[in-house]
Amino acid sequence: MSRARILSTARLNSIIAVHLRHGHLIDAVELFRDNPHHLDIKSWNLMLSGYARSGCIECAQKLFDEMPHKDVVSWNTMMAGFKRAGDSLNVFRHFLEMVRSGLRPTGSTLATVIPASVPSSAMLSQFHAFAIRMAFASNTFVGTALIGGYASLKDPTSFRRVFDEIRVKNLVSWTALIIGYMELGSVVEARQAFKTMPERNVVAWTAMINGYIDNDNLDDAKRCFDQMPEKNVLAWTSMIKGYERGGQFAEALNLFIEIHRCCSIKPNQFTYSATLIVCARCCSFVAGQSVHALLLKSGLPFDMILSSSLVDMYGKCGDIDSAVQVFESMKVHNLVSWNSMIGCYARHGFSQRALEGFERMKEEGVQPDHVTFICILTACVHGGLVKEGERYFQSMQREFKIEPRMEHYGCMVDLLGRAGQLNEAEKLIKGMPLEPDMVIWGALIGACRLHSSLEYGLSAVQAVQRLDKDHPAIYSMMLRVHDDRGNWKRVDELKEIMEKVSVRRKQQGTSWVESPLIVQR
DNA sequence: ATAGGGTTAG
């Protein structure tokens, strides 16, 4: 077709814009490529932003390099693309190059560069000074970006001043102020701002809900949620996550069910993944399976996060086969999905399969992180694989340059202790660069209990008493050791002390008996 | 034509 010859540049650009707005990138590219003589700088910039928004920053970069003339908008668009991709380094590189080429930054430039400059306080001051000099500081967009910058530097005085200097404040600037206060735990100021703002939309309400939740104020979050005039999926999802965070799993699941009762709202990937985490945390296999079924029925595409949540949910709920099935159905695996899978094997005592998973992960080119090694070391503990565990612990530091955390030391103490190498375990604890916590000493005490060692046990007890007097593990260990040695007198004495100080009972382990909750539609 | 506020896994 020769529609190319009929189109004017303005018409061409508006059609390209429509294609891009509807996500029809390929149609836009085709029009763009078919009409080389009708393009102006707007057409190029449109395509740049189309690529950048679709997430293909490489394509945008290629086009950018091809451009005969670049204006401020082209540079701004590239910087925005890099910012989306989380590539701050390239945001700055392009910023500098733009300035060097003689172009003057605009408000859009600053609004893009400022969020990418945190958490460097020096850079933020520079940009702020520049904004003042160029009379951009009263610009709504620039001001809002500055609020976010000062909020992440935990400087409420500065972001309040920036806010006051914005000439035209709108919903977005007010919301940024609220979020700033909430991030710093200044709930009162946030609430004040919320009351003062001239109008409120769903986003502002949701910011309040999230703020309350982050500040562990579930009651106010729920009150806010109930009061908001209209709710969208984000508000519902935030509330589910809030209950999950507060350990109120039944409430979280009930909310999820309620969404299905109001017809106007469809749960999205975020909602499903939040709900699956709830199922995983309360080990409710029935709920998890129902959510999985609803997810399949919803027709939502499975992304990495959703699939990983499913693997983790099945893993935590004890259905290893389903975890494997979901995992193997994924086209690509990443760090988190591998960690979920390896963690599942490790937790259920399939040490060998966990270690095989680790090998496969490396073959697929996925770099392990500290969580991977917690899983691997846990697998070694469950399998009694002392030599292997020590080797992984070494390679974690030497080969992968991962600094061991408390959990890793905990695994190692557990591993050595269970194997009866109490001396080694104690040596490891004494050599730790971190202050050993209850878990570490608990692992050693557990091992002393297992191997009836009063010698190592007593020094551990002393350490624990410095942290937490009367921890139940102490008595349990001492009782067992004296009991083993037939030291009945000491046993009686201990029991008497326990009565007197009424030692907290060890928390009961619970099996995952299903909650009566059944998700229905 | 570019820019600012709310949610994704262990």
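- Within an unreviewed UniProt entry, the label attached to chain A reads Pentatricopeptide repeat-containing protein, and the organism entered is Cocos nucifera.

## Examining the protein's contact with DNA strand B
Alright, step 1. Close to DNA strand B lie 47 residues; Asn76, Thr140, Lys241, Asn339 and Asp369 are nearest.
Alright, step 2. What you see for DNA strand B is that sugar and phosphate hold 39% of its atoms within 4 Å of the protein.
Alright, step 3. A distance of 3.3 Å is found between a base nitrogen of DNA strand B and a side-chain nitrogen or oxygen belonging to Thr206.
Alright, step 4. Interatomic distance of 2.7 Å between a side-chain N/O atom of Asp369 and a base nitrogen of DNA strand B.
Alright, step 5. Tallying contributions element by element places helix H20 (residues 304–317) first for the surface near DNA strand B, with six residues.
Alright, step 6. For the surface near DNA strand B, the class distribution of residues is 19 nonpolar, 19 polar and nine charged.

## Side note on the packing of aromatic side chains
Alright, step 1. Inspection of the entire model under this criterion finds 17 aromatic pairs.
Alright, step 2. Centre to centre, the rings of Phe163 and Trp174 are 4.8 Å apart; their planes meet at 70 degrees, and the pair counts as edge-to-face. Pair noted here: Phe163 is in helix H11 (residues 156–165) and Trp174 is in helix H12 (residues 171–183), with a separation of 11 residues, a long-range link.
Alright, step 3. Lying over the aromatic face of Phe194, Arg200 brings its terminal NZ or CZ to 5.2 Å of the ring centre.

## Focus on the pattern of salt bridges
Alright, step 1. Taken as a whole and assessed by the stated rule, the structure comprises 16 salt bridges.
Alright, step 2. Residues Glu328 and Arg360 are paired through a salt bridge, measuring 3.0 Å at the closest nitrogen-oxygen approach. A residue pair is termed long-range when its members are at least 10 positions apart, and Glu328 in helix H21 (residues 320–329) and Arg360 in helix H23 (residues 351–363) qualify at 32 residues.
Alright, step 3. When its relative accessible area of 41% is taken as the criterion, Glu328 is described as partly exposed.
Alright, step 4. Assessed through its relative accessible area of 31%, Arg360 is described here as partly exposed.
Alright, step 5. One network of salt bridges, with partners in common, ties together Arg191, Asp220 and Arg223.

## Describing the side chain of Ser340
Alright, step 1. Among the structural elements, Ser340 can be located in helix H22 (residues 335–347).
Alright, step 2. For Ser340, a relative accessible area of 9% puts it in the buried group.
Alright, step 3. Not counting residues up to four positions away in its chain, the partners in contact with Ser340 are Ser308, Val311 and Asp312.

## Observations regarding the state of the cysteines
Alright, step 1. Here the structure, examined in full by the defined rule, presents one disulfide.
Alright, step 2. As a non-bridged cysteine, Cys375 has Cys411 as the owner of its nearest cysteine sulfur, 8.9 Å distant.
Alright, step 3. Summary of cysteine pairing: Cys411 is not part of a disulfide, and the nearest cysteine sulfur, belonging to Cys380, is at 8.9 Å.

## Quick word on the side chain of Thr206
Alright, step 1. Structurally, Thr206 can be placed in helix H14 (residues 202–214).
Alright, step 2. Not counting residues within four places of it along the chain, the set of residues in contact with Thr206 comprises Met228, Asn232, Leu234, Ala235 and Ser238.

What counts and what doesn't
Residues numbered from 1 in each chain as written. Chains lettered and ligands numbered in written order. Predicted model: local features only at pLDDT ≥ 70, side-chain atom pairs only at ≥ 80, totals over all residues. Heavy atoms only, no water. Near = heavy atom within 4 Å. Polar contact = N/O pair within 3.5 Å; in protein donor to acceptor, adjacent residues only side chain to side chain. Helix = DSSP H or I, 4+ residues; strand = E, 2+ residues; numbered from the N terminus. Nonpolar A, V, L, I, M, F, W, Y, C, P; charged D, E, K, R; others polar. Phe/Tyr/Trp six-rings, centres within 6.5 Å; stacked < 30°, edge-to-face > 60°. Lys NZ or Arg CZ within 6 Å of the ring centre and 35° of its normal. Salt bridge = Lys/Arg side-chain N within 4 Å of Asp/Glu carboxyl O. Buried < 20%, exposed > 50% of the residue type's maximum accessible area, 1.4 Å probe, protein only. Contact = heavy atoms within 4.5 Å. Disulfide = S-S within 2.5 Å.

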